[in-house]
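What follows is each chain in one-letter form.
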Amino acid sequence: MNLFDVYTLWDIEPVRAKGCRVWDRDGVEYLDFYGGHAVISIGHSHPVYVKAIQEQVEKIGFYSNSVVNSLQAELAEKLGEQSGYPDYSLFLCNSGAEANENALKLASFHTGKKRIIAFRESFHGRTSGAVSITDNASIQSPFNTGHEVTFVSLNDLDAIVCELEKDDVAAVIAEGIQGVAGIFVPENNFLQQLEKACKKYNAVLILDEIQSGYGRTGKFFAHQYAGIQPDIITVAKGMGNGFPIGGVLISPEFKAKKGMLGTTFGGNYLACVAAIAVLKVMKDESLVENASEASNYLQNELSKCNGIKEIRGRGLMLGIEPEPEFSDIRNRLLFKSHIFTGGAKNNVMRLLPPLSVSKEDIALFLEETKKYLEV
């Protein structure tokens, strides 16, 4: 049997990682400024994280959600405290796409409606509901296109109100920062007015913080810069530092009913201890604050480079748009300087290093980057 060939691969095989570094099968060391799609939050192979998983797997790794698992309650309590949402409820699942699927289902249950408003250039996942609210026709099958979804431009409040007035909208879903699109930040005033409009027209406001959450922007959630409280927040990527886990944070206005949501693997023992360890390290090592401070240094130095057209984003979720003549900078960084970065539309370079990234790591990244921004 062969693998189903759906991924474009670099001929690099990482076999070991520590902190902000990765080593391949040939022993080549790489600086990781992408963290596997923003998944690595506290750094690769953090000892607290490794120990927690090792100790747990020796006890019990899995049983079903038909029995009590106190680790789930511990995770919910700590996540509520650190995120600023202690009165919300938590539903645990396995991935960001699954979190968004459950968020959409909850919104529809709650309102009795089924149409969703999403934003142009959005990305919310590849499962049926999540891909239907993703603005990319090339990854939607005919099966996915049966959902009722309307796409509007980011920050266009008038367009949203026009749709909400039709009184058939279950939810509006927005990314805390649009990632795949090229790092576009919703305006604070737009989010504030969007929150009010959703309440007025009885539509659920969902914030997809799967990539932009968990301290990445210098606050626990990107939407907290706008001072709003969405009805539902979805999380995943940085939540488990590489262990598969996702979650849905749910307003007290939603009432749970037995069987309305469910999952086999969501909230398993190993996922919970991984997520608890992540929160512990984030708190003990002040990683949210480090993300903010590291970003200030990184953005300040990058702004001095002539070959950069625009820098977008917040914290350690940055999009670097180079001038056209430097569009190959990512490949140069990877194959010549051994630095991983991410890509997005229009040759934008996405920077998503671990929240633990040091000033020395950033200095090395800047030194190498500047080599390729010279005319």
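Up top is the structure these notes are about.
This text gives an overview of the structure that appears in the document. What you are looking at is a predicted structure, and each value in this text was computed from that prediction instead of being measured.

Before going further, it helps to spend a moment on empty space enclosed by the protein. The final tally for this structure, using the stated rule, is 2 cavities of 30 Å³ or more. Of the voids in this model, the largest cavity is the one considered here, and its volume is about 40 Å³. Lining the largest cavity, in full, are Y63, S64, N65, V67, N69, Q72, G267, N268 and Y269. Residues of the lining of the largest cavity, tallied by class, amount to 3 nonpolar, 6 polar and no charged. Considering the residues around the second largest cavity, the lining is formed by A38, S41, Q211, G213, Y214, R216, G238 and L355. Among the residues forming the lining of the second largest cavity, the class breakdown is 3 nonpolar, 4 polar and 1 charged.

Neither face of strand 2 (residues 21-24) is left uncovered, since the one carrying R21 and W23 and the one carrying V22 and D24 both have all their residues buried. Pairing of strand 1 (residues 14-18) with strand 2 involves 4 bridges; the strand directions are antiparallel. Opposite A17, over in strand 2, you have V22 as the bridge partner. Linking strand 1 to strand 2, which pair antiparallel, is a turn of 2 residues; within it G19 sits at a positive phi near 60 degrees. Summarising the sheet, strand 2 and strand 3 (residues 29-32) pair through 3 bridges and their orientation is antiparallel. Bridge pairing in strand 3 links R21 to L31.

In this section: the packing of aromatic side chains. Within the structure shown, the criterion is met by 9 aromatic pairs. With a centroid separation of 4.9 Å and an interplanar angle of 55 degrees, the aromatic rings of Y214 and F220 are classed as tilted. Classification of Y214 by relative accessible area gives buried; the value is 3%. Seen in terms of ring centroids, F220 and F221 are 5.0 Å apart; in terms of plane orientation they differ by 80 degrees. Their pairing is edge-to-face.

Strand order in this open sheet of 4 strands is 11-12-15-14, and the pairing throughout is antiparallel. Every interior strand has two partners, whereas the edge strands, strand 11 (308-314) and strand 14 (342-343), have only one. Two elements, strand 12 (residues 317-322) and strand 15 (residues 349-351), share 3 bridges in a ladder whose sense is antiparallel. What sits directly across from I320, in strand 15, is M349.

The volume enclosed by the second largest pocket comes to roughly 680 Å³. In terms of lining, the second largest pocket is formed by 23 residues, of which the most central are L90, F91, L92, A256 and L261. Elements that contribute at least two residues to the lining of the second largest pocket include exactly helix 3 (70-83) and strand 4 (89-93). Looking at which element gives the most residues to the lining of the second largest pocket, the answer is strand 4, with 4 residues.

Turning our eyes to something else, we now look at the state of the cysteines. As enumerated under the stated definition, the model contains 0 disulfides in all. Not part of a disulfide, C162 finds its nearest cysteine sulfur in C198, a span of 15 Å. A relative accessible area of 43% places C162 in the partly exposed class.

This part takes up helix 2 (residues 47-59). Residue pairs spaced three or four apart in an α-helix point in one direction, given the helix's 3.6 residues per turn. For helix 2, with 13 residues, the first-to-last C-alpha span of 19 Å sits near the 18 Å given by 1.5 Å per residue. Those residues of helix 2 lying buried are Y49, I53 and Q56. One side of helix 2 carries all its buried residues, which in axial view fall inside an arc of 70 degrees. The outward face of helix 2, more than 90 degrees from its buried face, is lined by the exposed residues P47, E58 and K59. Turning to helix 2, the residues buried within the fold contact helix 3 and helix 8 (269-284).

Thresholds applied
Within every chain, residues take consecutive numbers counted from 1 along the sequence as written. For a predicted model such as this one, the threshold for reporting local features is a pLDDT of at least 70, and the threshold for listing and counting side-chain atom pairs is 80 or more; totals across whole chains, interfaces and linings nevertheless cover every residue. Excluded from the side-chain calculations are hydrogens and water; all other atoms, namely the structure's heavy atoms, are used. A 1.4 Å probe that fits into a set of points on a 1 Å grid over the protein atoms alone but cannot get out defines a cavity; an open set with protein on both sides within 12 Å along at least five of seven lines defines a pocket, and lining residues are those with an atom within 4 Å of a point. Grid points are joined across faces, edges and corners, and a volume is the space filled by probe spheres set on the points. Classes in brief: Ala, Val, Leu, Ile, Met, Phe, Trp, Tyr, Cys and Pro nonpolar; Asp, Glu, Lys and Arg charged; the others, Gly included, polar. For the exposure calls, accessible area comes from a 1.4 Å probe over protein chains only, and a residue counts as buried if that area is under 20% of its type's maximum, exposed if over 50%, partly exposed in between. Only DSSP runs of H or I with at least four residues qualify as helices, and only runs of E with at least two residues qualify as strands; both kinds are numbered from the N terminus onward. Only strands that DSSP links by at least two bridges are regarded as paired with each other. Two aromatic rings from Phe, Tyr or Trp, using only the six-membered ring of Trp, form a pair when their centres are within 6.5 Å; if the ring planes differ by under 30 degrees the pair is stacked, by over 60 it is edge-to-face, and anything between is tilted. Put simply, a disulfide is two cysteine sulfurs that come within 2.5 Å. Expected helix span is taken as 1.5 Å per residue step, with the number of steps being one fewer than the number of residues. The arc refers to the directions leading from the helix axis to the C-beta atoms. In what follows, a contact means two residues having at least one pair of non-hydrogen atoms within 4.5 Å.

The analysis is restricted to geometry; functional conclusions fall outside its scope.
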